[in-house]
Amino acid sequence: MSNKRSVDPCVDQLVPIANKEGIETVWDRYEAMKPQCGFGQLGVCCRICWKGPCRIDPFGNGPQRGVCGADAHTIVARNLIRMIAAGAAAHSEHGRHVALTLLAAGEGHAPAYRIKDEQKLRSIAEKLNLEPAGKDLKQLAKEVALASLEDFSRQERTTPCSWAKETMTTERVDKLCKLRVMPHNIDAVVTEIMGRTHVGCDADAVNVMLGGLKGALADYTGMYLSTELSDVIFGTPEPVVTAANLGVLKENAVNIAVHGHNPLLSEIVCDVALKMNEEAKKAGAEDGINIVGICCTGNEVMMRRGIPLASNYLSQELAIITGAVDAMVVDVQCIMPSISKISECFHTEVITTLNENKITGATHIEFHEDTALDSAKKIVELAIDAFKRRDNSRVNIPSYKQTAITGFSAEAIISALSKLDANDPLKPLIDNIVNGNIQGIALFAGCNNPQTTQDNSFITIAKELAKNNVLILATGCGAGAFAKNGLMTQEATVAYAGDSLKAVLTAIGEAAGLNGPMPLVLHMGSCVDNTRAVKVAVAVADKLGVDLDKLPLVASAPEAMAEKAVAIGTWAVALGLPTHIGVVPQVLGSSVVAEFLTEKAKDLVGGYFIVETDPKKAAEKLIAVIKQRREGLGI
Amino acid sequence: MERIKENYFIYADPTKCLGCKSCELACAVAHADSDLLTAVAQGVRLQPRNSVVQSNNLIMPIQCRQCEDAPCALACPTGAIYQEEGMVKINEKSCVGCKVCVMVCPFGAITVTADEAENGSSRTKKGKARKCDLCYSRMKDNKELSCACVEACPTKAIMLVDIESYRKKLLEARAKEAVQAYKHI
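Model, not experiment: these values are computed from the prediction. (Residues numbered from 1 in each chain as written. Chains lettered and ligands numbered in written order. Predicted model: local features only at pLDDT ≥ 70, side-chain atom pairs only at ≥ 80, totals over all residues. Heavy atoms only, no water.)

## Details of the overall build of chain A
Logical step 1: Per the secondary structure count, chain A includes 26 helices and 16 strands.
Logical step 2: A compact globule built from 635 residues would reach a C-alpha radius of gyration of about 26 Å, and chain A, at 24 Å, matches this within 12%.
Logical step 3: Oriented by its inertia axes, the alpha-carbon framework of chain A measures out at about 65 × 65 × 50 Å.
Logical step 4: Per-residue burial over chain A gives 62% buried out of 635 residues.
Logical step 5: Split by element, the accessible area of chain A, about 23,000 Å² in all, is 50% carbon and sulfur.
Logical step 6: Averaging the coordinates of the 63 positive side-chain charges in chain A and doing the same for the 73 negative ones gives two points 2 Å apart. (Helix = DSSP H or I, 4+ residues; strand = E, 2+ residues; numbered from the N terminus. Rg over C-alpha atoms; globule rule 2.2 N^0.38 Å. Buried < 20%, exposed > 50% of the residue type's maximum accessible area, 1.4 Å probe, protein only. Areas by Shrake-Rupley, 256 points an atom, 1.4 Å probe, with all protein chains shown as cover. Lys, Arg positive; Asp, Glu negative; His and termini not counted. Charge placed at Lys NZ, Arg CZ, Asp CG, Glu CD.)

Quick look at the structure:
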């Protein structure tokens, strides 16, 4: 619990303006929600059937079982894995959408889309055992799309999802198959969770939790294919220098914010906006059209196009409160419904685009792959129209922005490393881990949560780890936090990295032609892109011939909030990573579930959760884990 | 002369309060002459007379302490607030909604609200001072208080305190400790 809202200076500048104008923000609503129900926080309320709601008294004085007889352990476990199912569903719907678009592109029904990264398509085809040699690009796109879609439809329960099986170490696949938690079909696993948690079904908390691991691995599968197929269609990210924070909005431009998670729409909006720049100028915007990103749609276009990032999750409302956003185009996930209410106070057009994701009060422009160009054109026209209505006396664009070097896909990292050793690119990385120059690798992922000071935990832990020579990767709103606060710069490396980490980052950066070190934190993409980090980790593990649970790797989601984050954290654990969360999860009402997550999981899969709300202590714990893993490897 | 009994009051144990607000709901419903679902379905305005408050990490419901020398009763300019039957009562007919009681209450336990939404009258908003009345209207035949919040609390954090029996129990517990100490002299 913290009194300060954020370490982001834009928040300090814009929240008072919101207060003065009587506009409610996420922080006001959080205060109004207090106290938050303790039963909910402990995970011991059950609303799964209509005999309830039931809740268990954690002090032991009141009821210890729900009406059906479910105890706290059953209730907590069921609630948790339903969250995992929702997270898996969200990521996998995204993945399915991309796969279907690739199929449509292969069949020639989606004129806005093409295959931008042929090499990646071929390497995926090889990974999926599709024998790409000699096949035509469109045919191959179709085959890859269909093979990916098979991970949503396979009925043979003993055959694991291809995207899971082919992207992990063999040892890991065996271990997960033996535990019977390897997914065979993403949709079926999500459905299975809903089925097994229905009233009167799976009641053994540990067995329920194993169902959760399976759900999390289905999430992994959906995410992995989503990222990889997006790269095929839109290109694999490469390092690019751009900027972050609300200072990227321009007073003299039509500002269009793309917000949500899915690149299928935002990429086309960017394409179309480029062509409509003159129309914006005609409408009086001297600087034409300025596209900025919010949340992970922002990360997607930032990584691939160098489009600046305006904000991460928690400060999305403030973008509208600057009075300078003419249109906010949203697709799926993490979009606060409040933005449409706040937009009523300004000229801003909030535009929803998917029929499954509408917000009352927003303008809806239906988006389909086959007519994407038309929709994008309508969106940009609405933005230009709104610009004409903008009240310049109410524009408050904060002057804060930071340079951010982004775009470190697995391929980009390997390519940078190959400048040091062209024949064996992973060797310099592994050598430096073995000799201790790099003590370990930490992946920061996901979310902001008003229960913590926005961005603070990310920054505090990362600086501490960097000082101790831990290489830092980031995705999602974590990446947004680092970008906005200047940790994705070469200067940050000089300022915060320990000596040996600094030397390694400088050697790679110089060799890669950056005229200085690599940035302190490597931006690996949106939150759906966490599998990019797995790709690097698995390559290292394969090369060393050890499984992931032996490597000095850790993950951290210090400001987690979404169901997607619950799913990601759980698959990180299932892959063998010690995974820190900085917000107390809603599981403490069950000792069995809490123990499963923090202890028992270690015996089963090697990974486990570390819960620590104090960022300084969290950093200490992560460093201790890395040391312990190094000792285990004898390095 | 009849012995004067101290007022009963509601007290919550902050170490057991989970902040679920069940007591707020129960209180509001008890004072709405309706059940929860009907009230919500019919759009009845639900007004709890207690409030679950969070201060740092402690959470507990706050409501009228039925003060013996009640500042609200002292300050009330129309004499609407008075002591009767072991509690501080408000005569709504005399209340003009001036909020002086709200200002002097050491616990912030009084609100001024109206039963219904404003009806357009330019003279009155019909706001009346309201606070915990120990569910007086629900008092059982045997004159036993039956407070909705106490019954609703799922962790038994809320108690109706009869200060005499409370003090007796407290004395017994303290005496037990003292006796234990004497053993070792």
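## Side note on the pattern of salt bridges
Residue and element names in this part refer to chain A.
Logical step 1: Under the counting rule described, the total for this entry stands at 48 salt bridges over all chains.
Logical step 2: Put simply, Lys120 and Glu411 hold a salt bridge, and the shortest N to O gap is 2.7 Å. With Lys120 in helix α5 (residues 118-127) and Glu411 in helix α17 (residues 410-418), the pair connects residues that are 291 residues apart, well separated along the chain.
Logical step 3: Residue Glu411 is classed as partly exposed on the basis of its relative accessible area, which comes to 29%. (Salt bridge = Lys/Arg side-chain N within 4 Å of Asp/Glu carboxyl O.)

## Focus: the interface of chain A and chain B
Logical step 1: In this assembly, 16 residues from chain A lie in contact with 14 residues from chain B.
Logical step 2: Taken over both partners, the interface formed by chain A and chain B buries close to 1,200 Å², and the fraction arising from carbon and sulfur atoms is 63%.
Logical step 3: Between the two partners, chain A and chain B, sit zero salt bridges.
Logical step 4: Remark: the boundary between chain A and chain B carries two residue pairs in polar contact (both at pLDDT 80 or more). (Contact = heavy atoms within 4.5 Å. Buried area = accessible area lost by both parts, 1.4 Å probe. Polar contact = N/O pair within 3.5 Å; in protein donor to acceptor, adjacent residues only side chain to side chain.)

## As for the packing of aromatic side chains
Logical step 1: A full pass over the atoms with the stated rule returns seven aromatic pairs over all chains.
Logical step 2: Both rings, one in Phe458 of chain A and one in Phe482 of chain A, keep their centres 5.8 Å apart while their planes meet at 75°; by these two values the pair is edge-to-face. One end of the pair, Phe458 of chain A, is in helix α19 (residues 456-467); the other, Phe482 of chain A, is in helix α20 (residues 476-484), and 24 residues separate them in sequence. Across this residue pair, the class does not change: Phe458 of chain A and Phe482 of chain A are buried.
Logical step 3: It is Arg55 of chain A that lies over the ring of Phe39 of chain A; its NZ or CZ is 5.0 Å from the centre.
Logical step 4: It is Lys89 of chain B that lies over the ring of Tyr136 of chain B; its NZ or CZ is 3.9 Å from the centre. (Phe/Tyr/Trp six-rings, centres within 6.5 Å; stacked < 30°, edge-to-face > 60°. Lys NZ or Arg CZ within 6 Å of the ring centre and 35° of its normal.)

## As for the environment of Leu145 of chain B
All names here are of chain B.
Logical step 1: Residue placement: Leu145 occurs in the loop between β7 (128-130) and α5 (148-152).
Logical step 2: Sequence-wise, Leu145 and Ala28 are 117 residues apart; in three dimensions their C-alpha atoms are separated by 17 Å.
Logical step 3: Leu145 has contacts with Tyr8, Met87, Leu134, Met139 and Leu160, leaving out every residue within four places of it along the chain.

## Considerations on the environment of Lys116 of chain A
Residues and elements named next belong to chain A.
Logical step 1: Relative to the elements of secondary structure, Lys116 occurs in the loop between α4 (72-107) and α5.
Logical step 2: Along the chain, Lys116 and Ala70 lie 46 residues apart, while their C-alpha atoms are 52 Å from each other.
Logical step 3: Excluding residues that lie within four positions of it along the chain, Lys116 makes contacts with Val232, Ile233, Phe234, Gly235, Glu267 and Arg305.

## Some remarks on a nonpolar patch on the surface
Logical step 1: A cluster of nonpolar side chains, contributed by Leu25, Leu36, Leu37 and Val40 of chain B, occupies part of the molecular surface with about 370 Å² of accessible area.
Logical step 2: Considering the arrangement of structural elements, one finds Leu25 of chain B in helix α1 (residues 22-30). (Patch = residues over 30% accessible without salt bridge, like charges linked within 9 Å, V, L, I, M, F, W, Y side chains within 5 Å.)

## With respect to the packing of helix α13 (residues 295-305) of chain A against α20 of chain A
Residues and elements named next belong to chain A.
Logical step 1: It is at 9 Å that the axes of α13 and α20 come closest, and there the two elements cross at 70°. When the axes of α13 and α20 are compared, the pair comes out roughly perpendicular. Here α13 runs over α20; the crossing is left-handed. Packed against α13, whose contacting residues are Cys295, Cys296, Asn299 and Met302, the element α20 presents Gly476, Cys477, Ala479 and Ala483 at the interface. (Axes fitted to C-alpha atoms, helices over the stretch in contact; angles between N-to-C directions. Parallel < 35°, antiparallel > 145°, perpendicular 65-115°, else oblique. Left-handed = near helix turned anticlockwise from the far one by under 90°.)

## A look at the sheet that holds strand β11 (residues 440-444) of chain A
Residue and element names in this part refer to chain A.
Logical step 1: On the basis of which strands lie adjacent, the open sheet formed by six strands has the order β13-β12-β11-β14-β15-β16 and parallel pairing. Of all strands in the sheet, those bounded by a partner on one side alone are β13 (521-523) and β16 (608-611). Each strand axis lies, on average, 25° off the axis of its neighbour in the sheet, ignoring direction.
Logical step 2: By the bridge criterion, four bridges tie strand β15 (residues 578-581) to β16 in an arrangement that is parallel. (Pairing = 2+ DSSP bridges.)

## What to know about helix α10 (residues 205-234) of chain A
Logical step 1: Helix length check: α10 of chain A, at 30 residues, gives a terminal C-alpha distance of 43 Å against a target of 44 Å (1.5 Å per residue), a fit within 8%.
Logical step 2: Most of α10 of chain A sits out of view: 28 of its 30 residues are buried. (Expected span 1.5 Å × (residues − 1).)

## Remarks on unusual backbone geometry
Leave glycine aside and you will find that most residues have negative phi; peptide bonds, for their part, are mostly trans.
All names here are of chain A.
Logical step 1: In the segment running from Lys34 into Pro35, the intervening peptide bond is cis, with an omega of -5°.
Logical step 2: Here Gly52 and Pro53 are connected by a cis peptide whose omega angle stands at 10°.
Logical step 3: If you trace the backbone, Pro53 turns up in the loop between β1 (45-46) and β2 (54-55).
Logical step 4: The phi torsion at Asp455 lies on the positive side, around 70°, for a residue other than glycine.
Logical step 5: For Asp455, the position within the fold is in the loop between β11 and α19.
Logical step 6: The phi torsion at Asn515 lies on the positive side, around 55°, for a residue other than glycine.
Logical step 7: The residue Asn515 is located in the loop between α22 (499-511) and β13 in this model.
Logical step 8: By relative accessible area, which is 72% here, Asn515 ends up exposed.

## Considerations on the nonpolar core
Residues and elements named next belong to chain A.
Logical step 1: Grouped together as the largest cluster of nonpolar side chains are 187 residues, with contacts concentrated most on Tyr113, Phe444, Phe482 and Trp571.
Logical step 2: Examining the composition of this core, we find that 16 residues originate from one element, α10, more than from any other.
Logical step 3: In this view, Phe482 contacts Phe444, Phe458, Ile459, Ala462, Ala474, Leu487, Met488 and Val521; residues no more than four positions away in its chain are not counted. (Core = buried A, V, L, I, M, F, W, Y, C linked by side-chain atoms within 4.5 Å.)

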